[in-house]
Each structure stands twice: as structure tokens, then as C-alpha cells.
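Observations on chain architecture
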Amino acid sequence: MAEEAKKSRGAWFREMKSELKKVTWPNQKTVVKNTGTVLLCSLLIGACIWIFDGVAYSLIQAVLSLFQG
């Protein structure tokens, strides 16, 4: 049983190594460009959520103030 686990573990690592050799890794320029794109999109989405949250909070406060006499 333990012998089979060792064989399958070894086979898994060999297969992983051979698959990683097939990967086309991006160059530094592509990585920097993609990282910038991700950061910009994250900031834009964060700003949209922040604005929506502020507007929703203001609307809820306005509605609640109507009912507090």
C-alpha cells in the first residue's frame, strides 16, 4: 500500500514537471502590463462600491429621518 503511494506521488511530480515545461511563461513587460491593468480595475471597482455605499447610506438616513418625526 505505501509502495503504491510512493509510486503515484513520484509519477505525479514527474507529470507536473513535464507539464510545467510546456507552459509559455510571460515576459516582464507583459507581467507589468497585466498587473497594472488588474490594479486599475480593482481601484475603479472599489471606487464604484465606495460611491454606491455612500449614496445608499445617505438614502437610508433620509428615509429613516422621515419616520423619526
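As shown above, the structure is provided for reference.
If you're wondering where the values come from, they're calculated on a predicted model, not measured in any experiment. (Residues numbered from 1 in each chain as written. Predicted model: local features only at pLDDT ≥ 70, side-chain atom pairs only at ≥ 80, totals over all residues. Heavy atoms only, no water.)

**Considering the overall build of the protein chain**
Across its full length, the protein chain holds 2 helices and 0 strands. Per-residue burial over the protein chain gives 0% buried out of 69 residues. Summed over its atoms, the accessible surface of the protein chain is roughly 6,800 Å², and 69% of this surface lies on carbon and sulfur atoms. (Helix = DSSP H or I, 4+ residues; strand = E, 2+ residues; numbered from the N terminus. Buried < 20%, exposed > 50% of the residue type's maximum accessible area, 1.4 Å probe, protein only. Areas by Shrake-Rupley, 256 points an atom, 1.4 Å probe, with all protein chains shown as cover.)

**What about the packing of aromatic side chains?**
Scanning the entire structure with this criterion turns up 1 aromatic pair. Relative to Phe13, the ring of Trp12 lies with its centre 4.9 Å away and its plane at 80°, an arrangement referred to as edge-to-face. In this structure Trp12 comes out as partly exposed when scored by relative accessible area, which is 49%. Its relative accessible area of 46% is what places Phe13 among the partly exposed residues. (Phe/Tyr/Trp six-rings, centres within 6.5 Å; stacked < 30°, edge-to-face > 60°.)

**Structural notes on a nonpolar patch on the surface**
Taken together, Trp12, Phe13, Met16, Leu20, Val23 and Trp25 make up a surface patch of nonpolar side chains, about 640 Å² in accessible area. Assignment of secondary structure puts Val23 in the loop between helix H1 (2-22) and helix H2 (28-66). Given the relative accessible area of 35%, Val23 is considered partly exposed. (Patch = residues over 30% accessible without salt bridge, like charges linked within 9 Å, V, L, I, M, F, W, Y side chains within 5 Å. Salt bridge = Lys/Arg side-chain N within 4 Å of Asp/Glu carboxyl O.)

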